[in-house]
Amino acid sequence: MNSLHHRHRSVIGLSVLAALITVAGCSSADDSASAAVPSPGAKATGLCRNLDKMLPSKVDDQSRRDPEPASALTAGWGNPAIILRCGVVRPAKMNDPEADGVEVNGVGWLLQKQDDGSFRFTTTLRKAYVEVTIPKDRTGDGMAPLVDLAKSVKKAIPAGIAD
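So, how was this worked out
- Residues numbered from 1 in each chain as written.
- Predicted model: local features only at pLDDT ≥ 70, side-chain atom pairs only at ≥ 80, totals over all residues.
- Heavy atoms only, no water.
- Pairing = 2+ DSSP bridges.
- Helix = DSSP H or I, 4+ residues; strand = E, 2+ residues; numbered from the N terminus.
- Axes fitted to C-alpha atoms, helices over the stretch in contact; angles between N-to-C directions.
- Contact = heavy atoms within 4.5 Å.
- Phe/Tyr/Trp six-rings, centres within 6.5 Å; stacked < 30°, edge-to-face > 60°.
- pLDDT = per-residue confidence, 0-100.

Novice: What is the right way to read the sheet that holds strand β4 (residues 82-86) from this model?
Specialist: Here we have 6 strands laid out as an open sheet, ordered β3-β4-β8-β7-β6-β5, and antiparallel in their pairing. The open sheet has two free edges, formed respectively by β3 (74-77) and β5 (101-104), since each of these has just one partner strand. If you compare each strand with its neighbour and ignore which way they point, the axes differ by 25 degrees on average. In this structure, β4 lies alongside strand β8 (residues 130-134), joined through 4 bridges in antiparallel fashion. Each bridged residue has a counterpart across the sheet, and for R85 the counterpart in β8 is E131. Each of β3, β4, β5, β6 (107-113), β7 (119-124) and β8 is contacted by helix α3 (residues 144-156), which is oriented at about 135 degrees to β6, the strand it contacts most.

Here is the structure:
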């Protein structure tokens, strides 16, 4: 009878341990943002790596918290995260002569409002395309994230047409 009682306690212990691991795994994943890592050519990858080294530690008063998976081609700030991806594919919307665009401190951006209320901005006339997504919870801050990023983008990604 003792061995049966001992086995029962072990099974309960393993169940509790498995539940704790599951809960811990879920809670940590919920805290970090994720972003698809672009796969540009070698030239754009080099430019993007240089940009990563020049990015500010704060954007819109939010501390840098890079998304998963870790990559020099992605960066993030705050929670919900402002996400930067460098080396993205040229958006088809850039072919639309009526597409909305803005210029912030010498960097041109294509503006696209997303269905979820967020905004996606993609650089124009640069040797690599840089995309910045601002979540709907942060859109009240206007162009502040682009102001904070413009200097780094101008310095790391030369003006011109991406390959």
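Novice: Before we go on, may I ask you to explain the packing of aromatic side chains in this structure?
Specialist: Applying the stated criterion to the full structure yields 1 aromatic pair. Their ring planes at 25 degrees and their centres at 6.3 Å tell us that F119 and F121 sit as a pair that is stacked.

Novice: Please explain the confidence of the model for the chain as it appears in this structure.
Specialist: Reading predicted coordinates in detail is not appropriate for stretches of low pLDDT. Confidence along the chain averages 85 in pLDDT terms, with 80% of residues attaining 70 or more. Low confidence marks residues 5-29, where pLDDT is under 50. Its contacts with residues over four positions away, or in another chain, come to 0 contacts.

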